[in-house]
Amino acid sequence: MIKGCIFNLIDVVLKEVSNDDGLDPKLITPDHLMDGFLVFLKELKNKGIQIAVVSHNPLLKEILDRLRITHLINNYFISNSKVSLSTATNIYTLAATSLQLNPNELLVFKSSETSDDLYLLETFNVVCVGSKEVKNASFYQIPDFSSLKFNELIIYVTNISQN
């Protein structure tokens, strides 16, 4: 049963941002949220789903405040440095631990553009967001959050994990 979701800030929360390096929180507005993300986030919160956001940007809290979504998030984690997903997996594990959930009780939302390293998150239920096709049947893929409904997503993820 899915009880929580973890979102990568750059991969799936913000649109049109390719990396954390030059991200100035003062320039961030709610308009920078991925299409449909706020509606989906509110749906999760209303269903009692635990929510975490991860990033390697040290100003993550300020960015979340500028996006006006901090109150909808249970926890957020900042990675100490830019690292490959193999070592960044620890940030997802830390987020799971902070939410007091096991990886199999969580959905991790990652960009389909960074799908090469996704197999490293195999203990989690992974949802790829974006237009790049992911050639892995164990991951569910969505173009964005604009028409996503949590209950529909759970059905797809459950079907994938049972196959």
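See the structure shown above.
In this report, the structure presented in the accompanying data block is examined. Being a predicted model, the structure only gives us computed values, none of them experimental. (Residues numbered from 1 in each chain as written. Predicted model: local features only at pLDDT ≥ 70, side-chain atom pairs only at ≥ 80, totals over all residues. Heavy atoms only, no water.)

**What to know about the packing of aromatic side chains**
Stage number 1. Taken as a whole and judged by the stated rule, the model has 9 aromatic pairs.
Stage number 2. Pairing F7 with F109 gives two aromatic rings, centres 4.6 Å apart and planes at 20°, and the pair type is stacked. One end of the pair, F7, is in strand β1 (residues 4–8); the other, F109, is in strand β4 (residues 106–111), with 102 residues separating them in the sequence.
Stage number 3. Accessibility expressed as a relative area gives 0% for F109, which makes it buried.
Stage number 4. Summarising the aromatic geometry, the rings of F109 and F145 are spaced 5.7 Å apart at their centres and angled 45° between planes, so their arrangement reads as tilted. Here F109, found in strand β4, pairs with F145, found in the loop between β6 (140–142) and α5 (150–162); they are 36 residues apart in sequence, far enough to count as distant.
Stage number 5. The structure contains a cluster of three or more aromatic residues connected by ring pairs, namely F7, F37, F40, F109 and F145. (Phe/Tyr/Trp six-rings, centres within 6.5 Å; stacked < 30°, edge-to-face > 60°. Helix = DSSP H or I, 4+ residues; strand = E, 2+ residues; numbered from the N terminus. Buried < 20%, exposed > 50% of the residue type's maximum accessible area, 1.4 Å probe, protein only.)

**A look at the environment of K149**
Stage number 1. Tracing the chain through its elements places K149 in the loop between β6 and α5.
Stage number 2. The exposure class assigned to K149 is partly exposed, which follows from its relative accessible area of 41%.
Stage number 3. Sequence separation between K149 and L44 is 105 residues, and the spatial gap between their C-alpha atoms is 9.3 Å.
Stage number 4. When near neighbours in sequence (up to four residues on either side) are disregarded, K149 contacts F40 and E43. (Contact = heavy atoms within 4.5 Å.)

**Concerning the side chain of N125**
Stage number 1. Position of N125 relative to the elements: it lies in strand β5 (residues 125–129).
Stage number 2. Look at N125 and you get buried, because its relative accessible area is 15%.
Stage number 3. A polar contact of 3.2 Å, which involves the side chain of N125, links it to the backbone oxygen of L106.
Stage number 4. Not counting chain neighbours up to four residues away, the residues in contact with N125 comprise I2, P103, N104, E105, L106, L107, V108 and V157. (Polar contact = N/O pair within 3.5 Å; in protein donor to acceptor, adjacent residues only side chain to side chain.)

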